[in-house]
Amino acid sequence: MSSPSNSRHEVVDSYVATHLITPNKALEHAVENSTKRGLPMIAVSPVQGKFTSLLASLSSTRNLLEIGTLGGYSTIWFAQALKGQGKVTSIEIDQSRRDIAVENLQFGGFKPKDVDVILGAGLDVLPRLANEIKQGKREPFDFIFIDADWENQWNYFDFGVKLSAGKGSVVYVDNAVRNLVESDIDQSGSLESGKDGLVAKVGRDDRVDAVVMQTVGGKDYDGFLLAVVK
Ligand SMILES: C[S@@+](CC[C@H](N)C(=O)[O-])C[C@H]1O[C@@H](n2cnc3c(N)ncnc32)[C@H](O)[C@@H]1O
């Protein structure tokens, strides 16, 4: 059951979505089709989708890497932000989810030159992408969006920086706060400073400048880690 403050977050999120998000057939279809096909409701919220797509526009992104596609809802937000001037490469481990994402992207009119959804485990696919970049067969990424299994957030982050186009590239880790709270809080409710999780590791990483923002909204309390490559 949601608390009064939770429902206030939801009301504000829904008000913001009503006034600041233009109706969009590709996104609406992705939600309907993903629900009909039984995908879990774990995509970014419409407001988060808009926020991350504005971030991608702000940083003039051309090559965006997403880890964790699901039904392609966030992928569509990013592909629309790129306005045909770049490419989204997304990685999904689950065959049926990847198929639904491809369907949703095709409905939205996106071509393989705009969006490529690669089937595979992040840690298998990322070294392949690194090799392709090294061999000049693929451009490095200027925006890396991490939204897959939480256990590998640090590994994806590390790969994200390595696969990035360098100075000014953005690495965004979704659910960074829920992961921190669920894994690094001790019995007394304090954060264990000794735990060496994502935030502690990023804090020691000289390659980036980073921050964590806590958020509330339709998806309750969470937050993201945002890093810029130096
Ligand atoms: C939270 S969902 C992604 C939501 C999507 N980004 C959106 O907002 O529309 C996480 C996805 O990551 C996928 N996933 C989990 N472990 C993975 C892994 N090791 N490699 C690639 N994808 C993985 C899951 O199958 C799931 O579809």
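The paragraphs below set out a description of the structure included in this document. (Residues numbered from 1 in each chain as written. Predicted model: local features only at pLDDT ≥ 70, side-chain atom pairs only at ≥ 80, totals over all residues. Heavy atoms only, no water.)

Observations concerning the site of the ligand
- Close contacts around the ligand come from 20 residues, with Val-44, Ser-74, Glu-92, Gly-122 and Asp-147 the closest.
- One of the side-chain N or O atoms of Asp-147 is found 2.8 Å from a nitrogen atom in the ligand.
- Here Asp-149 contributes a side-chain N or O atom positioned 3.3 Å from a nitrogen atom of the ligand.
- Taken together, the residues that form the shell around the ligand break down as 10 nonpolar, 5 polar and 5 charged. (Near = heavy atom within 4 Å. Polar contact = N/O pair within 3.5 Å; in protein donor to acceptor, adjacent residues only side chain to side chain. Nonpolar A, V, L, I, M, F, W, Y, C, P; charged D, E, K, R; others polar.)

Topic: the packing of aromatic side chains
- Under the definition given, this model contains 6 aromatic pairs.
- Considering the side-chain rings of Phe-51 and Phe-224, the 5.5 Å spacing of their centres and the 45° angle between planes classify their relative orientation as tilted. One end of the pair, Phe-51, is in helix H3 (residues 46-58); the other, Phe-224, is in strand S7 (residues 222-229), and 173 residues separate them in sequence.
- Classification of Phe-224 by relative accessible area gives buried; the value is 8%.
- For the pair Trp-154 and Phe-157, a centre-to-centre distance of 5.7 Å together with 20° between the ring planes defines the contact as stacked. Of this pair, Trp-154 and Phe-157 both sit in helix H7 (residues 153-162), 3 residues apart, which is roughly one turn of the helix.
- Ring pairs connect the aromatic residues Phe-51, Phe-78, Phe-143, Phe-145, Tyr-172 and Phe-224, which therefore count as one cluster.
- The ring centre of Phe-159 lies 5.6 Å from the NZ or CZ of Lys-162, which sits over that ring. (Phe/Tyr/Trp six-rings, centres within 6.5 Å; stacked < 30°, edge-to-face > 60°. Helix = DSSP H or I, 4+ residues; strand = E, 2+ residues; numbered from the N terminus. Buried < 20%, exposed > 50% of the residue type's maximum accessible area, 1.4 Å probe, protein only. Lys NZ or Arg CZ within 6 Å of the ring centre and 35° of its normal.)

What to know about the packing of helix H2 (residues 25-36) against helix H4 (residues 73-82)
- In contact at an axis separation of 9 Å, H2 and H4 are set at 170° when each is read in the N-to-C sense. Classified by the angle their axes make, H2 and H4 are roughly antiparallel. Together, Ala-26, Leu-27, Ala-30 and Val-31 of H2 and Tyr-73, Ile-76, Trp-77 and Gln-80 of H4 make up the contact between the two elements.
- Looking at the contact of H2 with H4 residue by residue, the classes come out as 7 nonpolar, 1 polar and no charged. (Axes fitted to C-alpha atoms, helices over the stretch in contact; angles between N-to-C directions. Parallel < 35°, antiparallel > 145°, perpendicular 65-115°, else oblique. Contact = heavy atoms within 4.5 Å.)

Focus on the packing of H2 against helix H5 (residues 95-107)
- It is the contact of H2 with H5, at a shortest axis distance of 9 Å, that shows an interaxial angle of 150°. It follows that H2 is roughly antiparallel to H5 by the angle criterion. For the pair H2 and H5, the sense of crossing is right-handed. In this structure, H2 contributes Lys-25, Ala-26, His-29, Ala-30, Asn-33 and Ser-34 to the contact, and H5 contributes Ile-100, Glu-103, Asn-104 and Phe-107.
- Residues belonging to the contact of H2 with H5 are distributed by class as follows: 4 nonpolar, 4 polar and 2 charged. (Left-handed = near helix turned anticlockwise from the far one by under 90°.)

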